[in-house]
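Residue-level structural notes
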Amino acid sequence: MTTLKKTVLFSMLLLAFASCKDDEVTPQKAMATFTVNVENVLAPASYLASGTTNFLAPGESQTITFNAGKGQFLSFATMYVQSNDLFFGFDDSGLQLYDDMGAAVTGDVTAQVKLWDAGTEVNEEPGVGPNQAPRQAGPNTGMTENGVVQLVNDGFTYPAVASLIKLTLAHDGGTMFTLTLDNISGSSSIPSPLAPGNWVVAGMDTPLFTEGQAASAGLEGIAEDGDNSKMTTRLTDATGFVSPFAPGVYAVHSMDVNPIFTNGAGDKGQGLESLAEGGDPSALNTSLTGAMGISTNGVFNTPVGASAPGPLMPGNSYSFTFDAEDGDYLSIATMLVHTNDLFYAFGENGIALFQNGSPVTGDVTGNVQLWDAGTEVNEYPGAGNNQPARGGGTTGTDENGNVMPVNDGFTYPPVNQAIKVTITAM
Ligand SMILES: [Ca+2]
Ligand SMILES: [Ca+2]
Ligand SMILES: [Ca+2]
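Here the residue numbers are simple positions, counted from 1 along each chain's written sequence. Chain letters and ligand numbers both follow the written order, the letters beginning at A and the numbers at 1. With the structure being a predicted model, the display of local features is reserved for residues of pLDDT at least 70 and the display and counting of side-chain atom pairs for 80 or more, all residues being used for whole-chain, interface and lining totals. Here the side-chain values reflect all heavy atoms present in the structure, with hydrogen atoms and water set aside.

Re the coordination of the calcium ion (ligand 2)
For the calcium ion (ligand 2), the protein coordination sphere consists of E121 (OE), E121 (OE), N131 (O), Q136 (OE1) and T141 (O), at 2.2 to 2.6 Å. Counting along the primary sequence, the residues that act as donors to the calcium ion (ligand 2) give the motif E-x9-N-x4-Q-x4-T. Exposure classes here rest on a 1.4 Å probe applied to the protein chains alone. A residue is buried below 20% of its type maximum, exposed above 50%, and partly exposed in between. Accessibility expressed as a relative area gives 13% for Q136, which makes it buried. Each metal site lists N, O and S donors within 2.8 Å (3.2 Å for Na, K and Ca). With water left out of the atoms, a site can look as if it is missing ligands.

Shown next, in the form of structure tokens:
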């Protein structure tokens, strides 16, 4: 072996030893590819609010308070007891609660009330018929009509609706209304109680009946017997808060960074406001790109199986994938759309993506909270006229508050009944 060859060999050995030594001093960090799934698990609901109306003898009245926003309608049905199957109600689509200029409808709305025939029992002379509720042998007694719901038109003479019932609406501010239902039939030609019925606040819908179609079993019970039990069960099951989630943002970051917000501090002015009020994650995503301590970030905006970006409806998921190494944290934010400025996120530091050197995998929903961005004053969830569904977007009243877990006196579904976040690591 020549001296030159010996020197080369020695150098190679030295290099090999050095690189081996280097590995021992700084071991490779664990790395993994993570896929995060954000699912909207809110239960579907058709109606914002619903309830019952009382038995009201002549001279009695009832007040009902509810919240409703633009584009929402009030419906009710209560039996005219001195009949076989007649009931009072608005048109099948209900009473529009805001006029075309967006002003709340108030005052006496009795002119919108009609006397309907449920079409389920053949009509007899009002106030006399032996199969009418005050005189019938039992519930659902009388000749079956096999008809459809329509305005009463049976040849008998009825007192004017406005001499039997009176409905008055007051607007209590914001989205709150109070309905007063008066039985004023005492001085009419056929005084009658009003039987237990139902009311409901809905969007574009025909929640209690559809003119020209057969009555549901629930409406039949109301109209023939003043029995609102079936309708109450159906409405209750279909009433509640439901909302899409908006396109959101994620960031992979180091431990000492609060990339999206700091609990108890004001919005950083880096785009959270437009994400939380208008469901637009683009400004926040731009701010995060290249920011100190952020290794990866992006927008999630296309529901799994969809071909284009859009809101996340109940039962659907957003999904995104990224690489991260031991020591990295994950933060996310997605707006709860039918609110003013609420969003789902982990805590201010996000969640650790590795535990004891192993990538985190599984359901991490327990780390999610519903946060208030503190930038817009909250209105009734699902009804507020400054919420995006009613054209509000970023137009509400400035809140000048801090980012914090929502605590506004309104009721929201428990987090784990609204959102499910799972992580899969490979
Ligand atoms: Ca009838
Ligand atoms: Ca009957
Ligand atoms: Ca707020």
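With respect to the sheet that holds strand β3 (residues 61–67)
Each pair of strands is called paired provided DSSP finds at least two bridges between the two strands. The way it works is that DSSP assigns letters per residue, a run of H or I at least four long becomes a helix, a run of E at least two long becomes a strand, and they are numbered from the N terminus. With antiparallel pairing, four strands are arranged side by side in an open sheet as β3-β11-β10-β7. The open sheet has two edge strands with one neighbour each: β3 and β7 (107–108). Here β3 runs beside strand β11 (residues 176–183); their pairing, made up of seven bridges, is antiparallel. When the bridges of β11 are listed, Q62 appears paired with L181.

Looking at helix α2 (residues 217–225)
Buried within α2 we find G218, L219, G221, I222, A223 and E224. Residue contacts follow a heavy-atom distance rule, with two residues in contact if any of their heavy atoms lie within 4.5 Å. Lining the buried residues of α2 we find β4 (73–79), β5 (86–89), β12 (197–202) and α3 (229–237). At the exit of α2 stands G226, carrying a positive phi of roughly 65°.

Brief notes about the nonpolar core
Note on terminology: a nonpolar core comprises buried Ala, Val, Leu, Ile, Met, Phe, Trp, Tyr and Cys residues joined through side-chain atoms within 4.5 Å. One finds V38, F320, F322, L330, I332, L353 and V421 to be the most contacted residues of the largest nonpolar core, which totals 33 residues. Secondary-structure elements contributing two or more residues to this core are β1 (31–40), β13 (248–253), β15 (317–325), β16 (329–335), β17 (342–345) and β24 (419–425). With residues near it in sequence (within four places) discarded, I332 still touches V38, V249, Y250, I260, F300, F320, Y344, A345, F346 and V421. Grouped together as the second largest cluster of nonpolar side chains are 32 residues, F90, L97, Y158 and L181 included.

Digging into the coordination of the calcium ion (ligand 3)
Around the calcium ion (ligand 3), the protein contributes the donor atoms D341 (OD), D341 (OD), D372 (OD), D372 (OD), E376 (O), N378 (OD1) and E399 (OE), which lie 2.2 to 3.0 Å from the metal centre. Donor residues for the calcium ion (ligand 3) sit on one chain with the sequence pattern D-x30-D-x3-E-x1-N-x20-E.

Things to note about the layout of surface pockets
Cavities and pockets are found on a 1 Å grid laid over the protein atoms alone: a cavity is a set of points where a 1.4 Å probe fits but cannot escape, a pocket is an open set with protein on both sides within 12 Å along at least five of seven lines, and a lining residue has an atom within 4 Å of such a point. Grid points are joined across faces, edges and corners, and a volume is the space filled by probe spheres set on the points. Here the largest pocket is characterised by a volume of approximately 290 Å³. Contributing to the lining of the largest pocket are 19 residues, with S46, Q72, V242, H338 and G382 lying nearest its centre. Of all the secondary structure elements, the ones that give two or more residues to the lining of the largest pocket are β2 (47–53) and β12. When residues are grouped by polarity, Ala, Val, Leu, Ile, Met, Phe, Trp, Tyr, Cys and Pro land in nonpolar, Asp, Glu, Lys and Arg in charged, and all others, Gly among them, in polar. Its residues assigned to classes, the lining of the largest pocket shows eleven nonpolar, seven polar and one charged. Structurally, the lining of the largest pocket is a two-domain feature, drawing no fewer than three residues from each of domain 1 (29–43 + 242–425) and domain 2 (47–237). An automatic or database domain assignment supplies the residue ranges for each domain.

A few points about the domain arrangement of the protein chain
Each assigned domain of the protein chain is listed here: domain 1 (29–43 + 242–425) and domain 2 (47–237). A C-alpha centroid distance of 43 Å is found between domain 1 and domain 2. If you look at the interface, domain 1 gives seven residues, while domain 2 gives eight residues. Two parts placed together each lose some accessible area under a 1.4 Å probe, and the buried area is that loss summed for both. Across the domain 1 to domain 2 interface the summed buried area is about 580 Å²; carbon plus sulfur atoms make up 56%. By salt bridge we mean one thing: a side-chain nitrogen of Lys or Arg within 4 Å of a carboxyl oxygen of Asp or Glu. The tally of links from domain 1 across to domain 2 stands at zero salt bridges. Here the residues of the side of domain 1 that touches domain 2 sort into three nonpolar, three polar and one charged.

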